[in-house]
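In case you want the letters, here they are:
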2 protein chains.
Amino acid sequence: MAGQWLRLLAGASVPMLSLPARCDSPASPSSPSSTKERVSALLAQPPRPFSAFSPVSTWMSTKWTSFRLRTGLLSPAAVAASAVASASPAAREAPARRQKVVVVGSGWAAVSFLADLDMTRYEPVVISPRDYFTFTPLLPSVCVGTLPASACMTGVRELLVRGGVPCGSFYEGRVAEICPTEKKVRCQSTHGKAQDAREWEESYDYLVVAAGADVNTFGVPGVKENAFFVKELEDARRLRSALFDVIETASVPGVSEEEKKKLLHFVVVGAGPTGVEVAAEIDDFFQAEGATHFPQLRPLVRITVVEMLPTVLAAYNNDVQAFAKRLLEENPRVDLCLQSQVVGVGPDSVKVRTKRADGQVEEKEMPCGLLVWASGIKSPKVCLDLARKTAELREAQQQSPVILVDQQMKVRGCEGVYALGDCCRLSPPPLVQHADTLYEAATAKGAA
Amino acid sequence: MAGQWLRLLAGASVPMLSLPARCDSPASPSSPSSTKERVSALLAQPPRPFSAFSPVSTWMSTKWTSFRLRTGLLSPAAVAASAVASASPAAREAPARRQKVVVVGSGWAAVSFLADLDMTRYEPVVISPRDYFTFTPLLPSVCVGTLPASACMTGVRELLVRGGVPCGSFYEGRVAEICPTEKKVRCQSTHGKAQDAREWEESYDYLVVAAGADVNTFGVPGVKENAFFVKELEDARRLRSALFDVIETASVPGVSEEEKKKLLHFVVVGAGPTGVEVAAEIDDFFQAEGATHFPQLRPLVRITVVEMLPTVLAAYNNDVQAFAKRLLEENPRVDLCLQSQVVGVGPDSVKVRTKRADGQVEEKEMPCGLLVWASGIKSPKVCLDLARKTAELREAQQQSPVILVDQQMKVRGCEGVYALGDCCRLSPPPLVQHADTLYEAATAKGAA
């Protein structure tokens, strides 16, 4: 189930990559020696593909590029890159000084933007707590050990290289505050011990906020302490380790059938693409790789998927929803609890409140070996703060604090600030209203 | 510097693999269905190569096998496997019941033993805290990110499969006690929280102790808390993470030259093969991969190697020692502190006591960003206990508690117990006395 790919169609603000098929050739020995000269000499060079390390990513990116070509969708990251370019007064002349573009984040949005950025005119400075880009559609496979974590990683610094020469900087840290009036960001290092954190300020000509989203626990007690997430690579690693701990615990001699059943009950909260894929990967594991080494555990595995809405993959069209729902309902090892809500998570149990068909609300506690929380996302604090600031700058009232961008991905109310990806919302939203039409067009073009 | 390979020649009790060149074919559809029948049908099948997952390991194992063939050295693991076989009264007949061989550990010794074990006659039960075998010669490359951790791992359960059928069991846990008179071992699970640890007993017909060795800190204060090790894959991962933390900290704006120098001072304690290789890998990193992305840090890197003896790679012959010493001394980025001893390790400094040429002892404290402890190993507690028990059984006094084995790797004083690898010592030691002759023979055969 490659549900995450469907995000391409549904999410209006998810950027798409425009990537060349070949790698850069290394700088020739006769090329000029100073970095500045070498950067200028690279004018004609194509940007480096984002999948410098991983063969899987290369394959996936090819698929993605062809998908994008077929559907004819426009990339917001490319729009932002060209908007930054056209906003520059010296846009069509070779610049005396490259203008500094600070990019916050190293996820899909940031990486797509960097792939489209003309680094002979702009000097990117990327600030992110992670020095690598994560190929998120493969994360559920990392959770069950089908793929190693390294298959989903590409170093951000690699993406700043053109023809063997680094054309930008990367700083590992988090942006604590964006000051749009002073045109600078306040940063903090995130490595080492907390008391050793270093602070610095980074000024910019242009700012691209692509800070993504944080996990949303909706204030449910016990989630932070006991649940596992599938947001970052580190989450996937932690989940994999916990999954195999559970399997090994259930495998040692002297564990009762009852205990084994409890340990091998996996609860996935949220039937969005991430939740559905994780549930499918866990099931696949016990049917495929796990079947050889843990045949005795196979009949005891049970997966419960808890979803608040009456359907799965709610962001997608009805056919996709019905297909995924049928697959899950037909699987004898999967319990699909729709119209249900997790109200508490313990170290080895979960409390679920279900709205029954007769309208009555039922609450029950289920023992479980592992709980995966894939229920929702929220804006990071730095983005909420920026949203409030921009609303003030526009002298507007804002109901929900979210960064609003125009069709050029420019943050409304801020000069020189752009936003991309999960951390912002298009205003007015032009694509989501036509999602169904887009689905049909994509299907028709795919079939042609 | 592939120094660890030299262990093959020097260590008498380090086992060597005897591996076939091809993989098993999967069980054919017409093969008999019950596990017992299928196991019997596998009589003619060759053992599965240990490098089932990793292409690098496959390449290395081929190199190793050819090295072994050239030098003509005998594998202690193969000796033990054939000793177990010849000790069985029904050795030459197909057994009614497979005899149970409990293997403690999943390192080189255990894995080599399993590769040579006839699983149609013996049922292996492997107990180890790690469900994977680590290809240790590649660990220093994992420390600097040249290789992903997955390149050095092979699942132990894969090694128990013959023709697609698991022919043995693996339990993740540690052996707390060996009871040779009752012919059983007491085990504890190591996963999950400590309070959830489960205990069980495993009886055996034959026991193979291949528990390896633990890191020896020699009681130096601060080592456990502040140093990084290169013993297990998890150590290498931790070291890699710390190394890149240091690099990222030194890269953020506003860090003074003085601070950068302090952060980029790496201290390696112990100039054995592991220490020498780690020092070389760190240096290589800044000269190769790191040179592109951290050119500004490159001139500030300094590596200090601290060694108590007056030479490096002391276990090897004089030519090897002189070669390695010259390489390190000629490297302008490396300080080689021989006849020096670490007497204390702080969070960002190390105290070193050096014996000067004039016989005087000098003590100085050096600031450093990272300290790698590769100084020595010691027997695990379970092996020390067994050594004491066997000495009692033999009614002998034992000066240093170590498991003594005869030329068939049989533990002296215990019936049905064998030991392999770092956790035991040959008594009398036949190979070490002839190490120089062996070196010369190997060199001559290699040149021929």
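Conventions used here
Residues numbered from 1 in each chain as written. Chains lettered and ligands numbered in written order. Predicted model: local features only at pLDDT ≥ 70, side-chain atom pairs only at ≥ 80, totals over all residues. Heavy atoms only, no water. Helix = DSSP H or I, 4+ residues; strand = E, 2+ residues; numbered from the N terminus. Buried < 20%, exposed > 50% of the residue type's maximum accessible area, 1.4 Å probe, protein only. Contact = heavy atoms within 4.5 Å. Areas by Shrake-Rupley, 256 points an atom, 1.4 Å probe, with all protein chains shown as cover. Salt bridge = Lys/Arg side-chain N within 4 Å of Asp/Glu carboxyl O. Phe/Tyr/Trp six-rings, centres within 6.5 Å; stacked < 30°, edge-to-face > 60°. Polar contact = N/O pair within 3.5 Å; in protein donor to acceptor, adjacent residues only side chain to side chain. Nonpolar A, V, L, I, M, F, W, Y, C, P; charged D, E, K, R; others polar. Least-squares fit on C-alpha atoms with pLDDT ≥ 70 in both. Domains from an automatic or database assignment. Buried area = accessible area lost by both parts, 1.4 Å probe. Core = buried A, V, L, I, M, F, W, Y, C linked by side-chain atoms within 4.5 Å. Pairing = 2+ DSSP bridges. Axes fitted to C-alpha atoms, helices over the stretch in contact; angles between N-to-C directions. Expected span 1.5 Å × (residues − 1). Arc of directions from axis to C-beta. Disulfide = S-S within 2.5 Å.

Q: What's the story with the overall build of chain A in this structure? I'm lost.
A: When you go through chain A residue by residue, the secondary structure sums to 15 helices and 24 strands. Expressed as a percentage of its 448 residues, the buried residues of chain A come to 53%. Put simply, 66% of the contacts in chain A that link residues at least 6 apart link residues at least 24 apart. With the model as given, the accessible surface of chain A reaches about 20100 Å², and the carbon-plus-sulfur share is 52%.

Q: Hey, could you run me through the pattern of salt bridges in this one?
A: Oppositely charged side chains can pair when the atoms bearing their charge come close. Residue and element names in this part refer to chain A. Tallied over the full model, the rule gives 43 salt bridges over all chains. Residue Arg 130 is joined to Glu 232 by a salt bridge in which the shortest nitrogen-to-oxygen separation is 3.2 Å. Taken together, the residues span a long stretch of sequence, with Arg 130 in the loop between strand S2 (122-128) and strand S3 (132-134) and Glu 232 in the loop between strand S13 (228-229) and helix H9 (233-251) at a distance of 102 residues. Here Asp 348 and Lys 262 are joined by a salt bridge, their closest N and O atoms 3.5 Å apart. Here Asp 348, found in the loop between strand S17 (340-345) and strand S18 (349-355), pairs with Lys 262, found in helix H10 (residues 257-263); they are 86 residues apart in sequence, far enough to count as distant. We classify Asp 348 as partly exposed; its relative accessible area is 38%. Overlapping salt bridges bring together Glu 177, Arg 186, Glu 199 and Lys 389 as one network.

Q: I keep staring at the packing of aromatic side chains and nothing clicks. Help me out?
A: Each aromatic ring pair is summarised here by two numbers: the centre-to-centre distance and the angle between the ring planes. In total, this model carries 16 aromatic pairs over all chains according to the counting rule given. Between Phe 244 of chain A and Phe 285 of chain A, the ring centres sit 5.4 Å apart and the planes meet at 80°, which makes this aromatic pair edge-to-face. With Phe 244 of chain A in helix H9 and Phe 285 of chain A in helix H11 (residues 273-287), this residue pair connects regions lying 41 residues apart in the sequence. Under the relative-accessibility criterion, Phe 285 of chain A is labelled buried at 6%. Taken together, a centroid distance of 5.3 Å and an interplanar angle of 80° make the contact between Phe 285 of chain B and Phe 286 of chain B edge-to-face. Taken together, the ring pairs connect Phe 244, Phe 266, Phe 285 and Phe 286 of chain A into an aromatic cluster.

Q: Hey, could you run me through the interface of chain A and chain B in this one?
A: Taken residue by residue, the interface counts 32 residues in chain A and 33 residues in chain B. Among the salt bridges present, the one from Arg 157 of chain A reaches Glu 248 of chain B, with a minimum N-O distance of 2.8 Å. Remark: the boundary between chain A and chain B carries 6 residue pairs in polar contact (both at pLDDT 80 or more). Elements represented by at least two residues in the side of chain A that touches chain B include exactly helix H7 (156-159), strand S7 (169-172), strand S10 (199-203), H9 and helix H12 (289-293) of chain A. Residues that form the side of chain A that touches chain B fall into these classes: 11 nonpolar, 9 polar and 12 charged.

Q: Hey, could you run me through the side chain of Arg 162 of chain A in this one?
A: Residue and element names in this part refer to chain A. Structurally, the position occupied by Arg 162 is in strand S5 (residues 161-162). Under the relative-accessibility criterion, Arg 162 is labelled buried at 6%. Within polar-contact distance, the side chain of Arg 162 engages the backbone oxygen of Leu 114 at 3.2 Å.

Q: Help me understand the relation of the copies chain A and chain B in this model?
A: Copy one and copy two of the chain differ by a rotation about an axis and a translation along that axis. The transform that puts chain A on chain B rotates by 180° and translates by 0.0 Å along the axis, for an RMSD of 0.1 Å. When the rotation and shift are considered jointly, the pair of chain copies conforms to a two-fold rotation axis. When the interface residues of chain A are mapped onto chain B, 100% of them again lie at the interface, so the same face is used by both copies.

Q: Explanation requested: the side chain of Thr 354 of chain A in the structure shown.
A: Residues and elements named next belong to chain A. Assignment of secondary structure puts Thr 354 in strand S18. What makes Thr 354 buried here is its relative accessible area of 16%. Within polar-contact distance, the side chain of Thr 354 engages the side chain of Ser 340 at 3.0 Å.

Q: Hey, could you run me through the domain arrangement of chain A in this one?
A: By a widely used convention, the size of an interface equals the accessible area lost when the partners come together. All names here are of chain A. Structurally, chain A comprises domain 1 (99-213 + 379-431) and domain 2 (228-376). A straight line from the C-alpha centre of domain 1 to that of domain 2 covers 33 Å. Taken together, the contact pairs 19 residues of domain 1 with 16 residues of domain 2. Both faces combined, the contact of domain 1 with domain 2 buries some 1400 Å², and carbon together with sulfur accounts for 63% of it. On the domain 1 side of the interface with domain 2, the three residues burying the most area are Pro 140, Cys 143 and Val 144, jointly 40% of the side's total. In this assembly, domain 1 and domain 2 are joined by 4 residue pairs in polar contact (both at pLDDT 80 or more).

Q: In this structure, what is going on with the nonpolar core? I would like to understand it.
A: Generally speaking, soluble globular proteins have nonpolar side chains that are buried together. In this structure, Leu 264, Phe 266 and Ile 303 of chain A together with Val 185, Leu 207, Val 209 and Ile 403 of chain B are the most contacted members of the largest nonpolar core, which totals 101 residues. Per-element tally for this core: the top contributor is H9 of chain A, with 9 residues. Dropping the residues within four chain positions of it, Ile 403 of chain B is found in contact with Val 209, Cys 383, Leu 386, Ala 387, Val 411, Ala 419, Cys 423, Cys 424 and Arg 425 of chain B. Val 102 and Val 382 of chain A together with Ala 279 and Leu 370 of chain B belong to the second largest nonpolar core, which has 100 residues in total.

Q: Looking at this model, I keep getting lost on the sheet that holds strand S11 (residues 206-209) of chain B. Mind explaining?
A: Within a sheet, each strand pairs with its neighbour through backbone hydrogen bonds, oriented either parallel or antiparallel. All names here are of chain B. Sheet architecture is open: 5 strands sit in the order S7-S2-S1-S11-S23, paired in parallel fashion. The open sheet has two edge strands with one neighbour each: strand S7 (169-172) and strand S23 (417-419). Taken over all neighbouring pairs, the strand axes of this sheet differ in orientation by 20° on average, direction set aside. The pairing of S11 with S23 spans 3 bridges and is classified as parallel. What sits directly across from Val 209, in S23, is Ala 419. Lying over the sheet, helix H5 (residues 108-116) contacts strand S1 (99-104), strand S2 (122-128) and S11, oriented at roughly 155° with respect to S1.

Q: It is not clear to me how helix H13 (residues 318-330) of chain B should be interpreted in this structure. Could you clarify?
A: The α-helix advances 3.6 residues per turn, and as a result positions three or four apart in sequence lie on the same side. All names here are of chain B. Its 13 residues give H13 an end-to-end C-alpha distance of 18 Å, which sits within 8% of 18 Å, the value for a rise of 1.5 Å per residue. Listing the buried residues of H13 in full gives Gln 321, Ala 324 and Leu 328. Seen end-on, H13 carries its buried residues on one side only, within an arc spanning 75°. The outward face of H13, more than 90 degrees from its buried face, is lined by the exposed residues Asn 318, Asp 319, Glu 329 and Glu 330. Of the surrounding elements, those touching the buried residues of H13 are helix H11 (273-287) and strand S16 (334-337). Capping of H13 at its N-terminal end is provided by Asn 317; its side-chain oxygen lies 3.2 Å from the backbone amide nitrogen of Asp 319.

Q: How should I be thinking about the sheet that holds strand S8 (residues 174-179) of chain B in this particular structure?
A: All names here are of chain B. Within the open sheet, the 3 strands sit side by side as S8-S9-S10. Their pairing is antiparallel. In the strand order of this sheet, the two ends are held by S8 and strand S10 (199-203), each with one partner. Put simply, the sheet's adjacent strands are angled 25° from each other on average, direction ignored. Direction of pairing for S8 relative to strand S9 (residues 184-188): antiparallel, over a ladder of 5 bridges.

Q: Explain the state of the cysteines to me, please; I cannot follow it from the model alone.
A: Two cysteines, two sulfur atoms, one covalent bond between them: this is a disulfide. Residues and elements named next belong to chain B. Under the counting rule described, the total for this entry stands at 0 disulfides over all chains. The structure places no disulfide on Cys 423, whose sulfur is separated from the nearest cysteine sulfur, that of Cys 383, by 4.2 Å. A relative accessible area of 0% means that Cys 423 is categorised as buried.

Q: What is the right way to look at helix H14 (residues 381-393) of chain A in this model?
A: Residues and elements named next belong to chain A. Its 13 residues give H14 an end-to-end C-alpha distance of 18 Å, which sits within 8% of 18 Å, the value for a rise of 1.5 Å per residue. Buried residues of H14: Val 382, Cys 383, Leu 386, Ala 387, Thr 390 and Ala 391, and no others. Buried residues along H14 sit against strand S8 (174-179), strand S11 (206-209), strand S22 (403-405) and strand S23 (417-419). Following H14 by one or two positions, Glu 395 adopts a phi angle in the positive range, close to 55°.

Q: Help me understand the pairing of strand S17 (residues 340-345) of chain B in this model?
A: Where a strand is regular, its side chains alternate between the two sheet faces. Residues and elements named next belong to chain B. Pairing geometry for S17 and strand S18 (residues 349-355), over 5 bridges, is antiparallel. Its bridge partner lying in S18, Val 345 is registered against Val 350. The turn joining S17 and S18, which pair antiparallel and follow one another in sequence, is formed by 3 residues.

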